[in-house]
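Fold and contact review
Here are the chains, one letter per residue:
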Amino acid sequence: MPQGVRVRVSPPAQILFHLMIVQDFIASEVTNKIQEISFSWESPSNIALVKYWGKNPDQTPKNPSISFTLSDCKTTTSVLFKRIDKNSKVVDFDLIFEGKKNVSFRPKIENFFSKIQVYCPYLLDYQLTISSTNSFPHSSGIASSASSMSALSLCIMSFEKNLTSIDNDFFFKKASFISRIGSGSACRSIYGGVNFWGNHQEIKNSSDLYSVELQQDISPKFNNYRDVILLIDEKEKEVSSSVGHELMNNNPFSKVRFAAANDNIINLMRILKSGDLIDFCELVESEALMLHSLMMSSNPSYILMKPETLTVIKRIQDFRKKTDIPVCFTLDAGANVHVLFPDKFSSEVMAFIKKHLSSLCKKGKFISDSIGLGPKQI
Ligand code: PMV
């Protein structure tokens, strides 16, 4: 165990639930010396409704965010843990992506392990073989960091559960905590449904360190909510999310943005409870456009939307006005468009997408997904 690291002493359950601090996530001393074991998880991506944009050096967010966990856009990861005798200072791992040894993702995973080894010191005694595949096409322009980091974190937590004694609540909280260290938004993929990440004074149990699933006060109108992802641009983004977050430190509108995001959290919570879908569309679209306006007002400024993105946005808004069907768009940090709508309007909206939007997608491609139940151990 690294010097200066204290052994976690489990507080009583209720305290654990309310008062998790960074030190609570340091693994207890390991007594069970397993020689070899493997775990597999599949974990989905998620789409933010109120966006996280801007972070602190410890990868805590500048403002809280709320997301839908998806169902079919997911990463499946298996990790084989083999005990080694050498006294390693860094986590020893091999990385296989879609059946091939992968070098391009290695620095990100190395960085992840260097940051989490203080919380999971037992990893230093093992050699890890990590094998991953994505359900969505590679280089589709869909960020896979949320699904991949959450799947890997869950495999690590399954291992920790076999080495130490932890309860289910701690299992998922720590999975979310370490996922966050890998990629901020990944912490919201640990649970299904609607997720909340970030400290908000009006939301009980909210934390900057991990996400919580919002189980109460969600209208049934959001059950099976659909998300069709229009693949407008399949290339890697010109400006990465990490650079984008960093540019928020000097963005002239950052203070106003963080205040607006906090207000939108309260507004969205009210909408999720009431099920007012027109208010939902307006709020979600304004969040997406605010995210991209922050990119345009950064220094240096940049634009990730493509001409097709704007055409799609206009067509969705016109369709909503004409039909009164509550369909809206949201955007990630990229050109692709997520089309959100209630399941009961699927036939009308899918016909509209095929007729009026798919021609604006690269090779006519889009991915049909919906709100999902969260990760699954396999
Ligand atoms: O988790 P990151 O660092 O890839 O940032 C994600 C940022 C957005 O997708 C734009 C918003 C969000 O909350 O997911």
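Calculation notes
- Residues numbered from 1 in each chain as written.
- Predicted model: local features only at pLDDT ≥ 70, side-chain atom pairs only at ≥ 80, totals over all residues.
- Heavy atoms only, no water.
- Pairing = 2+ DSSP bridges.
- Helix = DSSP H or I, 4+ residues; strand = E, 2+ residues; numbered from the N terminus.
- Axes fitted to C-alpha atoms, helices over the stretch in contact; angles between N-to-C directions.
- Contact = heavy atoms within 4.5 Å.
- Parallel < 35°, antiparallel > 145°, perpendicular 65-115°, else oblique.
- Left-handed = near helix turned anticlockwise from the far one by under 90°.
- Nonpolar A, V, L, I, M, F, W, Y, C, P; charged D, E, K, R; others polar.
- Phe/Tyr/Trp six-rings, centres within 6.5 Å; stacked < 30°, edge-to-face > 60°.
- Buried < 20%, exposed > 50% of the residue type's maximum accessible area, 1.4 Å probe, protein only.
- Lys NZ or Arg CZ within 6 Å of the ring centre and 35° of its normal.
- Arc of directions from axis to C-beta.
- Salt bridge = Lys/Arg side-chain N within 4 Å of Asp/Glu carboxyl O.

1. Things to note about the sheet that holds strand 8 (residues 226-230)
- Spatial ordering of the open sheet is given by 9-10-8-11, a layout of four strands whose pairing is antiparallel. For this open sheet the edge positions go to strand 9 (328-331) and strand 11 (366-370), each flanked by a neighbour on one side alone. Each adjacent strand pair in this sheet contributes to an overall mean axis angle of 25°, direction not counted.
- Strands strand 9 and strand 10 (337-341) of the sheet are contacted by helix 7 (residues 277-296), whose axis makes an angle of about 30° with strand 9.

2. Quick word on the packing of helix 8 (residues 307-323) against helix 9 (residues 346-357)
- Where helix 8 meets helix 9, the closest approach of the two axes is 11 Å, and the angle between their N-to-C directions is 140°. Here helix 8 lies oblique to helix 9, going by the angle between them. Handedness of the helix 8/helix 9 crossing: right-handed. Taking contact as the criterion, the partners of V312, R315, I316 and F319 in helix 8 are, on helix 9, E348, V349, F352, H356 and L357.
- Residue classes in the contact of helix 8 with helix 9 are distributed as six nonpolar, one polar and two charged.

3. A word on the packing of aromatic side chains
- Within this structure, the stated rule accounts for 23 aromatic pairs.
- When the centroid spacing of 5.2 Å and the interplanar angle of 55° are considered together, the rings of F93 and F113 count as tilted. Within this pair, whereas F93 is found in strand 3 (residues 92-97), its partner F113 is found in helix 2 (residues 106-116), the two being separated by 20 residues in sequence. Just as F93 is buried, F113 falls in that class too.
- When the ring of F112 is compared with that of F113, the centres are 5.5 Å apart and the planes differ by 45°; the resulting orientation is tilted. As far as the burial class goes, F112 and F113 line up, both buried.
- Taken together, the ring pairs connect F25, Y119, F170, F177 and Y210 into an aromatic cluster.
- The lysine or arginine in question, R106, covers the ring of F93, its NZ or CZ lying 4.0 Å from the ring centre.

4. Focus on helix 9
- If you check which residues of helix 9 are buried, you get S346, V349, M350, F352, I353 and L357. For helix 9, the buried positions fall inside an angular range of 160° around the axis, keeping them on one side. Helix 9 presents S347, K354 and K355 as exposed residues on the side facing more than 90 degrees away from its buried surface.
- Each element contacted by the buried residues of helix 9 is listed here: strand 8, helix 8, strand 10 and strand 11.

5. Focus on the pattern of salt bridges
- A full pass over the atoms with the stated rule returns 13 salt bridges.
- Put simply, K74 and E42 hold a salt bridge, and the shortest N to O gap is 3.3 Å. Taken together, the residues K74 in strand 2 (residues 65-83) and E42 in strand 1 (residues 36-50) connect sequence positions 32 residues apart.
- When its relative accessible area of 22% is taken as the criterion, K74 is described as partly exposed.
- Overlapping salt bridges bring together E42, K74 and K376 as one network.

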